[in-house]
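# Remarks on the overall topology
Here is what each chain is made of, one letter per residue.
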Amino acid sequence: AKMGTQHVWNWGPLVALALIGSIFTCTLYCHLIYFNHPVDLIMMGVWMLDTVALIYCFINAIYTGPGFVKEKWEPKEDVKLLYCYECNCYKAPRSHHCSTCKRCCKVMDHHCPWINSCVGNDNRAYFVGFVTLVPPGCTYSALVIGTFLWRFHMTMFIRPDIAMRHFGYHMSFVQFAGFLLGAAMAAAVTLAVSLLAFIQWKNLIKGSTDMDRWVFEKAEARTGEPFPNPYNLGCISNIREGFRQSLSGDGIEWPVAPGFDKYVMSMEEKEQKLDHAQYRHTFKAKGVSYGWRGTKFGLRMAWDLPFTGSILPLSKKGDLVQAWRRRGDWYFGEKVYIEDDLIYTVFPRQRGWFPVKAVVETPTECKYAI
């Protein structure tokens, strides 16, 4: 499914486009003033092609979207996969539900605020292209602007007429500050995006994603043994298959290495969910208000609550919640309901922190629905 234009009108894409525009403007201005040798113009042409290509990849990464598992999707084979009650479909191999996009994304890598959506199967090629093209372009911009500043920074201390006669250019303090900021932004973007490009290419070469590696790590912690990547076909094959799936594949039917079943990782995720369900405790809400950051139960409550933590209001007496984490006098969990002796998550999902004193534990023999 293609993403709408509204996905561009968000702080992430707008800040990214503003950074690109600012660095581009500073670099082009410096080129036109000082770097006008034929070789310089050729290099400027290559740099502009790089800029056009990275903008093309960036826009396509936004508009293409990660690719979502279709509603009511189910495997062709008779196999019991995890079911997403929010998306009303089985979770296809390598797919994960994104709490921000509120959909199950195919081959989800991570949610990226800069493109205002997830990096998944359908837009992975464009995203990799974008993070690959940014470092060389920004490195070139930092060098051009830095050289320009080194050449003309003294002219802002000289009378304009003398500066123009001896240097051919006069720089004001405002221009100096602007170019300095442009060079700093170019250098910072180079470092940050180079790290991201390294991670993306490392995953692509190994035939994995950030979410895949998260599953592998949990599997090793659960069993005490390394979990082999069933999608690792070898360096070249991994790169070829990653781009093929992104540009023309469905993101669901992936070839696996010899000796592996294509649902082996899905089954491991199911086992991890079953293990996690053992640590869920069921509570009933007392139906009380918390006050600001729980201060109705004491001033210390505000300190114990994570600064960025969202609070789950439980104003209705008798509401069922399950928690699997505790910090001080706060539980972290979600609202649930019981049906046919199974415990289900309430959708839309309502998850967050709630005070220990706002609930009472309610032991139950019902199991959490996986």
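Note that this is a predicted model, so its numbers are computed, not measured.

With that settled, consider the overall build of the protein chain. Helix and strand counts for the protein chain stand at nine helices and 13 strands. Its C-alpha atoms give the protein chain a radius of gyration of 27 Å, more than 25% over the compact-globule value 21 Å for 370 residues. Dimensions of the protein chain, computed from the C-alpha atoms along their principal axes, are close to 90 × 60 × 40 Å. Residue burial in the protein chain is summarised as follows: out of 370 residues, 45% are buried. Surface summary for the protein chain: the accessible area is close to 19,700 Å², and the carbon and sulfur share equals 62%. Mean positive and mean negative side-chain charge positions of the protein chain (40 and 32 charges, respectively) differ by 7 Å.

Moving on to the nonpolar core. Counting 23 residues, the largest nonpolar core has Ile-115, Phe-130 and Val-134 as the members making the most contacts within it. Contributions of two or more residues to this core are made by helix H1 (11–33), helix H2 (38–64), helix H3 (124–152) and helix H5 (173–206). With six residues, the single largest contributor to this core is H3. Apart from the residues within four sequence positions on either side, Phe-130 is in contact with Ile-20, Leu-54, Cys-57 and Phe-58. Formed by 15 residues, the second largest nonpolar core is a distinct cluster that contains Phe-35, Trp-47, Tyr-140 and Phe-152.

Scanning all chains against the criterion turns up three cavities of 30 Å³ or more. Its volume calculated, the largest cavity comes out at about 60 Å³. Lining the largest cavity we find Arg-94, Arg-124, Leu-204, Gly-207, Tyr-231, Leu-233, Asn-238, Glu-241, Gly-242, Trp-254 and Pro-255. For the lining of the largest cavity, the element with the highest residue contribution is helix H7 (residues 235–248), accounting for three residues. The residue makeup of the lining of the largest cavity, split by class, is five nonpolar, three polar and three charged.

Taking 1.5 Å per residue as the helical rise, H2 with its 27 residues ought to reach 39 Å, and the 39 Å between its terminal C-alpha atoms agrees with that figure. When we look at burial in H2, the residues that qualify are Met-44, Trp-47, Asp-50, Thr-51, Leu-54, Cys-57, Phe-58, Asn-60, Ala-61, Ile-62 and Thr-64. For H2, the secondary structure elements touched by its buried residues are H1, strand E6 (117–119) and H3.

Attention shifts here to the environment of Cys-89. One can find Cys-89 in strand E2 (residues 89–90). When neighbours within four sequence positions are excluded, Cys-89 is seen to be in contact with Val-69, Lys-70, Glu-71, Lys-72, Trp-73, Tyr-83 and Cys-84.

The computed volume of the largest pocket comes to approximately 1,100 Å³. The wall of the largest pocket is formed by 35 residues, among which Lys-91, His-97, Lys-273, Arg-349 and Arg-351 lie closest to the centre. Among the elements that take part in the lining of the largest pocket, helix H8 (residues 264–277) stands out by supplying four residues, more than any other. Across the lining of the largest pocket, the residue classes break down as 17 nonpolar, eight polar and ten charged. As for the second largest pocket, its lining consists of 23 residues, of which Leu-19, Phe-130, Val-134, Val-189 and Val-193 are closest to the centre. Elements with a minimum of two residues in the lining of the second largest pocket: H1, H2, H3 and H5. A total of seven residues in the lining of the second largest pocket trace back to one element, the largest contributor, which is H3. Of the residues that constitute the lining of the second largest pocket, the class distribution is 19 nonpolar, three polar and one charged.

Orientation of H1 relative to H5, taken along the N-to-C sense of each, is 120°, at an axis distance of 9 Å. As judged from the angle between their axes, H1 and H5 are oblique. The element H1 and its partner H5 pack so that their crossing is left-handed. From H1, Leu-19, Ser-22, Ile-23, Cys-26, Tyr-29 and Cys-30 reach across to H5, where they touch Gln-175, Gly-178, Phe-179, Gly-182, Met-185, Ala-186 and Val-189. The class makeup of the residues in the contact of H1 with H5 is nine nonpolar, four polar and no charged.

What counts and how
Residues numbered from 1 in each chain as written. Predicted model: local features only at pLDDT ≥ 70, side-chain atom pairs only at ≥ 80, totals over all residues. Heavy atoms only, no water. Helix = DSSP H or I, 4+ residues; strand = E, 2+ residues; numbered from the N terminus. Rg over C-alpha atoms; globule rule 2.2 N^0.38 Å. Buried < 20%, exposed > 50% of the residue type's maximum accessible area, 1.4 Å probe, protein only. Areas by Shrake-Rupley, 256 points an atom, 1.4 Å probe, with all protein chains shown as cover. Lys, Arg positive; Asp, Glu negative; His and termini not counted. Charge placed at Lys NZ, Arg CZ, Asp CG, Glu CD. Core = buried A, V, L, I, M, F, W, Y, C linked by side-chain atoms within 4.5 Å. Contact = heavy atoms within 4.5 Å. 1 Å grid on protein atoms, 1.4 Å probe; cavity = no way out; pocket = protein on both sides within 12 Å on 5 of 7 lines; lining within 4 Å. Points joined across faces, edges and corners; volume = space filled by probe spheres on them. Nonpolar A, V, L, I, M, F, W, Y, C, P; charged D, E, K, R; others polar. Expected span 1.5 Å × (residues − 1). Axes fitted to C-alpha atoms, helices over the stretch in contact; angles between N-to-C directions. Parallel < 35°, antiparallel > 145°, perpendicular 65-115°, else oblique. Left-handed = near helix turned anticlockwise from the far one by under 90°.

In short, the description is geometric, and any link to function would need to be established separately.
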